[in-house]
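# Observations on the model geometry
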Amino acid sequence: MKITDIKAEKVRIELTFPFRVAFAEINYSENLLIKVSTDEGIDGYGEAAPLPFVTGETIDSVVSVISLLRPGLIGMNPLDIEKIHELMDGCIYGNSSAKCAVDLAMYDICGKLMGQPVYKLLGGYSNRVQNDITIGIDTPEAMAEEARAHVLKDGFHILKIKAGIHVEEDIRAMHLIREAVGPKIRLRVDANQGYDTSDAIYALTEFKKVGIEAVEQCLPYWDFEGSAYVRSKVNGIRIMLDESIHNHLDAARACQGGCADILNIKLMKCGGLFRASQINSIAEAFGVNCMVGCMMETKLATTAGISLVASKKNITEADCDSFLFYADEQTGMSGGFTRENDVFTLLDAPGFGLNISF
Ligand code: MG
């Protein structure tokens, strides 16, 4: 089997309201979809959702990188995924979301060739995922109101709360949110690199009092030692790393240094499902769990992320919720998975099982 052509198409996703995190406000995302054709008539689809301040890429850089990789990829066997990653990494450093687009298309082709959904290819542990929903930064009162609506109206059981601008306001928000949702709802916090070491130790000690179970990326992405220090100072609340973990090498460093209890894997940060599986294996060997997060992705990369969570026992948490904030939840595609409140169930169709046409 050989790759014969690669086509690309830009898509723009509009959010229903601006989303505020510690370092940015996001209103829309421009992503690239690719279609990889083969000489056996099977097409695979992939997606790049670049986020400049996380992956160092823009939509234009993704378009250039796909053009750069195209001549090398044509003629290769799409099942040779390790070899394809070797080619891509040999061609250009970084550019993880562009590489992710190619990687996802390979898994889609592989699944279609075998007549199996991608989650079966990856491990097949389950076909269902319970997902969280994220609350952006606002006044603590407004955040508590939003939390209540997600639980009572939308049926969510796990909330991820953005923080990291003002530590005292963050602590007040967590108290109000806990009061609003009651004791049974699971709460996690994401500080998006917004704290220093002393803020982090103080905030986590306070968060623990209202039953926050984990805090994501307290410190700047480069501060692995600081994360290990904070982890050694606060017990009973799990430390998660996101922006620190781009690839399997970062995962090895974080696990070896005792820097985290959970790693947040994102397909766009690591270059797709192949590297994501490596990160999970490294973490598992150190007794560290994983979560799968997302960028502003269409249903294509979201289905890939959910397939990854479902397929692996060690990936215990899912934060694949960005599509819930779009004007069109389906992003113009049908298939992939179905959603009943916070439970997502993957379809048993081959590949990612999505109907996309371009
Ligand atoms: Mg995060």
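Data block above holds the structure.
Note that this is a predicted model, so its numbers are computed, not measured.

## Digging into the overall build of the protein
Scanning the protein from N- to C-terminus turns up 13 helices and 16 strands. Relative to the compact-globule value of 21 Å for 358 residues, the protein shows a C-alpha radius of gyration of 20 Å, a close match. The principal-axis extent of the C-alpha atoms belonging to the protein is close to 60 × 40 × 35 Å. A total of 358 residues make up the protein; the buried ones form 58% of that total. For the protein, the share of sequence-separated contacts (at least 6 apart) that also reach a separation of at least 24 residues comes to 73%. As displayed, the protein offers around 13,900 Å² of accessible surface, 50% of which is attributable to carbon and sulfur atoms. Here the protein contributes 34 positively and 49 negatively charged side chains, and the mean placements of these two sets differ by 4 Å.

## Some thoughts on the side chain of Asp250
Locating Asp250 in the fold gives a position in helix α10 (residues 248-256). Nearest to the buried, unbridged Asp250 among oppositely charged side chains is Arg253, at 5.7 Å. When near neighbours in sequence (up to four residues on either side) are disregarded, Asp250 contacts Phe224, Ser244 and Ile245.

## Points about the coordination of the magnesium ion
Coordination sphere of the magnesium ion, protein contribution only: Asp190 (OD), Glu216 (OE) and Asp242 (OD), at 2.1 to 2.3 Å. Each donor residue of the magnesium ion belongs to the same chain, and together they define the spacing D-x25-E-x25-D. In this pair, Asp190 sits in strand β7 (residues 186-190) while Asp242 sits in the loop between β9 (238-241) and α10, placing the two residues 52 residues apart along the sequence. The residues Asp190 and Asp242 share a single accessibility class, namely buried.

Each value, and the rule that gives it
- Residues numbered from 1 in each chain as written.
- Predicted model: local features only at pLDDT ≥ 70, side-chain atom pairs only at ≥ 80, totals over all residues.
- Heavy atoms only, no water.
- Helix = DSSP H or I, 4+ residues; strand = E, 2+ residues; numbered from the N terminus.
- Rg over C-alpha atoms; globule rule 2.2 N^0.38 Å.
- Buried < 20%, exposed > 50% of the residue type's maximum accessible area, 1.4 Å probe, protein only.
- Contact = heavy atoms within 4.5 Å.
- Areas by Shrake-Rupley, 256 points an atom, 1.4 Å probe, with all protein chains shown as cover.
- Lys, Arg positive; Asp, Glu negative; His and termini not counted.
- Charge placed at Lys NZ, Arg CZ, Asp CG, Glu CD.
- Salt bridge = Lys/Arg side-chain N within 4 Å of Asp/Glu carboxyl O.
- Donors = N, O, S within 2.8 Å, 3.2 Å for Na, K, Ca; no water.

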